[in-house]
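# Coordinate inspection notes
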Amino acid sequence: PSLQGKIVQKLAYGQSVEVIKELKDAETITLKDMPYLGVWFLVKSGQQAGYIFSALVSPKFADEFVCDRTNLPQNIKISERDVQLELCTDGSFY
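It should be emphasised that the depicted structure is a prediction, and the values quoted were computed from it without experimental measurement. (Residues numbered from 1 in each chain as written. Predicted model: local features only at pLDDT ≥ 70, side-chain atom pairs only at ≥ 80, totals over all residues. Heavy atoms only, no water.)

Turning our attention to the overall build of the protein. Looking only at helices and strands, the protein has zero helices and seven strands in total. Helices and strands appear in the protein in the N-to-C order β-β-β-β-β-β-β. For the protein, the proportion of its 94 residues judged to be buried stands at 24%. Restricting to contacts in the protein with at least 6 residues of sequence separation, those with at least 24 account for 39%. When the accessible surface of the protein is summed, it comes to about 7,300 Å², and 52% of that surface belongs to carbon and sulfur atoms. (Helix = DSSP H or I, 4+ residues; strand = E, 2+ residues; numbered from the N terminus. Buried < 20%, exposed > 50% of the residue type's maximum accessible area, 1.4 Å probe, protein only. Contact = heavy atoms within 4.5 Å. Areas by Shrake-Rupley, 256 points an atom, 1.4 Å probe, with all protein chains shown as cover.)

Below you can see the structure in the form of structure tokens.
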């Protein structure tokens, strides 16, 4: 997980990925002279897995994905800019 890492797949704008895990250490990367604060996510798209920086992706509309069972343990909690997102073990989130 770094800007110098090997590119395993280029994603299309709006393409969905499955978040496998979140690395805990926040960092700032600079792209085109613009700083971005975030963390790296290990994601899967099709059969490919790789890392993507959190500041460069956004969740799908939360009303499209709702956890059916609230007693499931949560895999990942993401908080940024007054928004909290909880990803459930079944792949849904709220």
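Right, let's get into the packing of aromatic side chains. A full pass over the atoms with the stated rule returns one aromatic pair. Pairing W40 with F53 gives two aromatic rings, centres 5.1 Å apart and planes at 70°, and the pair type is edge-to-face. Of this pair, W40 sits in strand β4 (residues 40-45) while F53 sits in strand β5 (residues 48-53), and the two are 13 residues apart along the sequence. Per residue, the accessibility class of W40 equals that of F53, and both read buried. (Phe/Tyr/Trp six-rings, centres within 6.5 Å; stacked < 30°, edge-to-face > 60°.)

In this section: the sheet that holds strand β1 (residues 18-22). Working definition: the strands of a sheet are paired by backbone hydrogen bonds and lie parallel or antiparallel to each other. One open sheet holds the three strands; their spatial order is β1-β4-β5, and the pairing between them is antiparallel. Lying at the two open borders of the sheet, with one neighbouring strand each, are β1 and β5. The sheet shows a mean angle of 30° between the axes of neighbouring strands, taken without regard to direction. (Pairing = 2+ DSSP bridges. Axes fitted to C-alpha atoms, helices over the stretch in contact; angles between N-to-C directions.)

Located in the positive-phi region is K32, a residue other than glycine, with phi close to 50°. Relative to the elements of secondary structure, K32 occurs in the loop between β2 (27-31) and β3 (34-38).

As paired strands, β2 and β3 are joined by five bridges and run antiparallel to one another. Considered in β3, the bridge of T30 is made with P35. Linking β2 to β3, which pair antiparallel, is a turn of two residues; within it K32 sits at a positive phi near 50°.

Structurally, L11 can be placed in the segment before β1. Taking the C-alpha atoms as reference points, L11 and I52, 41 residues apart in sequence, are found 9.9 Å from one another. The residues contacting L11, other than those within four sequence positions of it, are V17, S45 and I52.

A separate point is the side chain of S45. Mapped onto the elements of the fold, S45 is located in strand β4. In this structure the side chain of S45 is engaged in a polar contact, spanning 2.8 Å, whose partner is the side chain of Q15. (Polar contact = N/O pair within 3.5 Å; in protein donor to acceptor, adjacent residues only side chain to side chain.)

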